[in-house]
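Residue-level structural notes
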Amino acid sequence: MNRREILRRSAAAGLLATPAAGLLAGCATSGGDDKGDAGAYKGTKSEQNPLGVAEDAPLEVVIFNGGFGEEYAKAHEAMYKEKYPKAEVKHSATQEISKTLQPRFVDGSPPDVVNNSGAGQIDFNGLVSQNALADLGELLAAPSLDVPGKTVKDTLLPGTVEVGSYDGRFLVLNYTYTVYGIWHSTKLFAERGWSYAKTWDEHIALCRQIKAAGIAPWTYAGLHPRYMSWPLISTAIKLGGPSVALAIDNLEPNAWKSDAMRTAADAWHQIVKDRFILDGSPGLDHKQSQTAWCQGKAAFISCGSWLESEQKDVTPAGFNMTVAPTPSLGSGDKLPFEAIRGTAGEPFMVPAKAKNVAGGLEYFRTMLSRKGAQDFTRKVASLPVVAGATDGVELPFGLATVVKALDASGANGFNWVYNNYYRKLERNLVDAACGEFFSGRISPAEFLDQCQKGADSIAQDSSVKKYKRAA
Amino acid sequence: MRHGRYPLILSFLLPPLALYGIFVLSPYLQAFQISTTDWLGYSAQADQVGLANFRTLLHDGYVWNALRNNAILLAVVPVVTIALGLFFASMLTMGGRKGRAGVTGVRGTALYRLVYFFPQVLSVVIIALLWKEIYSPTSGLLNGALRAIGLTSTPAWLGDPRFAFWCVLAVMVWSNVGFYVVLFGAAMQAIPRDIYEAVLLDGASRATMLRKITIPLLWDTIQVAWIYLAIAALDGFILVQLMTNGGPNFSSDVIGLRMYDTSFGSENKFGYASAIGVAMFFLTLSVAVLALRTARRDRIEYS
């Protein structure tokens with residue numbers, strides 16, 4: 001065979017290869033067609049087993065190995081196994097949920113329980129629009145595992161069902177209750193004789209005082225500047241009422257440019273204008289800024305209630321971190337000063353194509369039992385969405401202030417969900433706008449314009465499924 | 001022997017070809033196929049949309065912004081890296097002053113070579129985290145040094161759209177130079193000493209020596225370096241993702257990060273991400289072909 005012949009033959013082989021590859025590609029994207037219920041595990045429903053779990057069915061749980069670790073999940077799995085000794089529970093933990101599980105979703109063989117969290121989280125908009133999640137409605141109606149006379153729904157904190165619902169179907173169980181607020185160290189404040197300001201004017205006066213004392217009043221995660229959108233939107237909601245958030249979530253035209261948002265952005269611009277932000281904050285990531293705050297370089301930082309466990313290693317003893325609501329703008333505010341943003345976070349889901357859907361729901365029932373919830377609180381020092389889970393558990397300082405703030409906020413608590421509906425809007429677009437705004441490169445009006453432009457681009461993108469929520 | 005040839009060739013060629021086909025070619029071809037669908041990545045459902053993804057791509061401002069940054073990388077990184085690599089390599093092999101006619105490196109050549117090569121040993125992830133700390137505005141080494149020499153207002157490096165991209169670019173050059181110092185150094189060792197001695201006797205300066213002798217004789221190696229660096233410049237993903245995640249305000253975005261963000265990050269549009277990937281494939285291919293074409297010269301052989 002001469003060289004020319006080899007070339008000719010390899011060209012022919014190349015031609016042959018193309019249809020074969022097409023077949024392969026066909027396999028990759030068409031695998032796991034609806035197999036119906038074949039191979040799914042089902043048991044008989046009874047009073048003891050309201051969800052109809054097959055006793056000997058294996059259960060596979062995948063946990064996001066982040067701030068909470070995976071020990072709490074192992075404890076829940078042990079509780080499940082206690083009830084169903086014949087079931088084999090397979091546990092795994094990863095930091096890359098999306099990349100690890102993507103092929104299994106396509107293949108139609110996802111695990112039974114997924115803790116879809118962290119930076120590698122799968123976008124919920126995509127999952128929901130592809131009907132990849134099992135409806136958890138049955139779980140809500142089932143009786144609680146160890147609170148007699150109550151259904152699972154009765155034991156949940158307010159807002160848990162709403163935040164996990166898409167077009168009225170409860171699809172995502174957010175297991176922790178997260179409070180978003182402004183944090184300060186009561187130790188530092190006591191030493192200096194400062195007290196947390198309840199109105200915006202007082203807040204600015206306090207910032208002036210703090211700056212005069214040689215400490216920067218504020219710092220923030222400049223590489224994830226969306227952390228600062230939380231107090232800004234909160235201020236607007238307290239001024240204009242929950243409808244401000246509703247308009248943003250429903251992508252209403254000019255929702256970001258409402259009067260309340262405008263006033264709030266103007267107010268927050270003050271801390272930029274008066275240079276109340278620690279020099280260099282725009283170049284810090286969340287850990288770096290939180291650490292600067294723990295070192296006493298800055299007095300205030302905006303974060304969620306995971307802050308305490310995230311900063312555990314670098315917080316000085318007796319630092320006493322305390323969460324507080326955003327200051328009120330004035331007497332015209334629709335919500336009182338105590339109103340704080342609280343929402344269920346740390347999402348768990350059961351894939352629609354999981355083999356053991358009933359087992360997954362039953363696992364959630366175990367997590368939401370009083371025993372499971374208290375164990376979680378003890379292990380990771382965070383609030384689960386189960387009411388009364390902290391009773392009889394000694395809380396660390398920061399978490400105790402979170403519980404107090406929630407109690408004070410009561411029925412005035414508020415929340416928004418556009419970040420769940422349209423991940424890109426918060427993570428990319430509002431994030432970029434916040435970066436420009438809080439580093440002083442754009443004005444409040446330009447900031448709102450940029451956010452609105454982002455929201456409009458999502459609204460016009462026909463490839464993104466839209467959700468509406470009612471007040 | 002003639003009869004036994006085909007089974008032999010087949011048994012040696014087919015397994016590797018099959019592996020190559022399954023693990024290299026077919027994913028590429030699949031990407032082409034997926035790029036014509038609206039596949040969202042978490043179910044088997046995908047509808048053909050023809051070239052709609054590519055049309056969207058043409059009008060996607062974020063993609064163009066990322067491409068612009070890649071173009072800057074492409075223009076700057078190979079030139080700076082090769083220039084620095086050549087400079088350091090020639091200093092290490094012929095920069096010494098000892099004996100005017102002799103061709104030796106500066107004192108401590110072996111140590112320098114080791115130090116230059118060091119970044120190459122570190123994982124890119126470590127390099128990114130290391131430099132993120134160095135650039136940190138409050139506790140970083142860089143601003144510490146600037147403050148030590150008396151500057152009061154120090155920049156927020158990675159948080160400032162004027163600097164963030166160039167900070168990443170500098171790290172890219174820093175992490176690559178060492179490898180090319182060693183590569184060029186090895187190639188320079190292969191150049192016969194007599195040539196240098198001859199031109200030195202003729203009175204050539206070191207700069208002339210580099211320009212007229214070393215570079216032409218190293219041309220093949222430089223060409224390889226050029227292509228490698230050009231392809232690396234079209235990537236830049238890991239450094240950008242870990243150091244700035246494309247920010248602030250998309251000022252340090254690159255096309256690879258756009259693709260990642262579209263599939264695993266803020267959305268999961270796998271069809272659209274594949275379209276970005278296909279565009280990247282053609283870009284990289286054309287850059288490689290262009291680099292090969294424009295850099296082609298007659299080969300010089302020592303006799």
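Above this text you will find the structure in question.
Report follows, based on the coordinates. None of these values were measured; they are calculated from a predicted model.

Glancing now at the overall build of chain A. A count of helical and extended segments in chain A gives 19 helices and 10 strands. Here the C-alpha radius of gyration of chain A, 25 Å, is about what a compact globule of 471 residues would show, namely 23 Å. Oriented by its inertia axes, the alpha-carbon framework of chain A measures out at about 85 × 70 × 40 Å. The long-range share in chain A, meaning contacts at least 24 apart out of those at least 6 apart in sequence, stands at 75%. Carbon and sulfur atoms provide 52% of the accessible area of chain A, an area that totals close to 19,100 Å². Treating the 50 positive side-chain charges of chain A as one cloud and the 51 negative ones as another, the clouds have centres 4 Å apart.

Turning next to the packing of aromatic side chains. All names here are of chain A. Under the definition given, this model contains 49 aromatic pairs over all chains. Judged by centre distance (5.6 Å) and plane angle (65°), the ring pair of Phe189 and Phe300 falls under edge-to-face. Taken together, the residues span a long stretch of sequence, with Phe189 in helix H7 (residues 186-192) and Phe300 in strand S8 (residues 298-304) at a distance of 111 residues. Classification of Phe189 by relative accessible area gives buried; the value is 3%. An angle of 20° between the planes, with centres 4.6 Å apart, marks the rings of Phe437 and Phe447 as stacked. Here Phe437, found in helix H18 (residues 423-438), pairs with Phe447, found in helix H19 (residues 444-460); they are 10 residues apart in sequence, far enough to count as distant. For Phe437, a relative accessible area of 0% translates into the label buried. On the accessibility criterion, Phe447 (1% relative accessible area) is buried. Each member of the aromatic cluster is reached from another via a ring pair, and the members are Phe189, Trp194, Tyr196, Trp200, Trp218, Trp268, Phe300 and Phe337. Against the face of Tyr180 rests Arg341, its NZ or CZ located 4.0 Å from the ring centre.

About the thresholds
- Residues numbered from 1 in each chain as written.
- Chains lettered and ligands numbered in written order.
- Predicted model: local features only at pLDDT ≥ 70, side-chain atom pairs only at ≥ 80, totals over all residues.
- Heavy atoms only, no water.
- Helix = DSSP H or I, 4+ residues; strand = E, 2+ residues; numbered from the N terminus.
- Rg over C-alpha atoms; globule rule 2.2 N^0.38 Å.
- Contact = heavy atoms within 4.5 Å.
- Areas by Shrake-Rupley, 256 points an atom, 1.4 Å probe, with all protein chains shown as cover.
- Lys, Arg positive; Asp, Glu negative; His and termini not counted.
- Charge placed at Lys NZ, Arg CZ, Asp CG, Glu CD.
- Phe/Tyr/Trp six-rings, centres within 6.5 Å; stacked < 30°, edge-to-face > 60°.
- Buried < 20%, exposed > 50% of the residue type's maximum accessible area, 1.4 Å probe, protein only.
- Lys NZ or Arg CZ within 6 Å of the ring centre and 35° of its normal.

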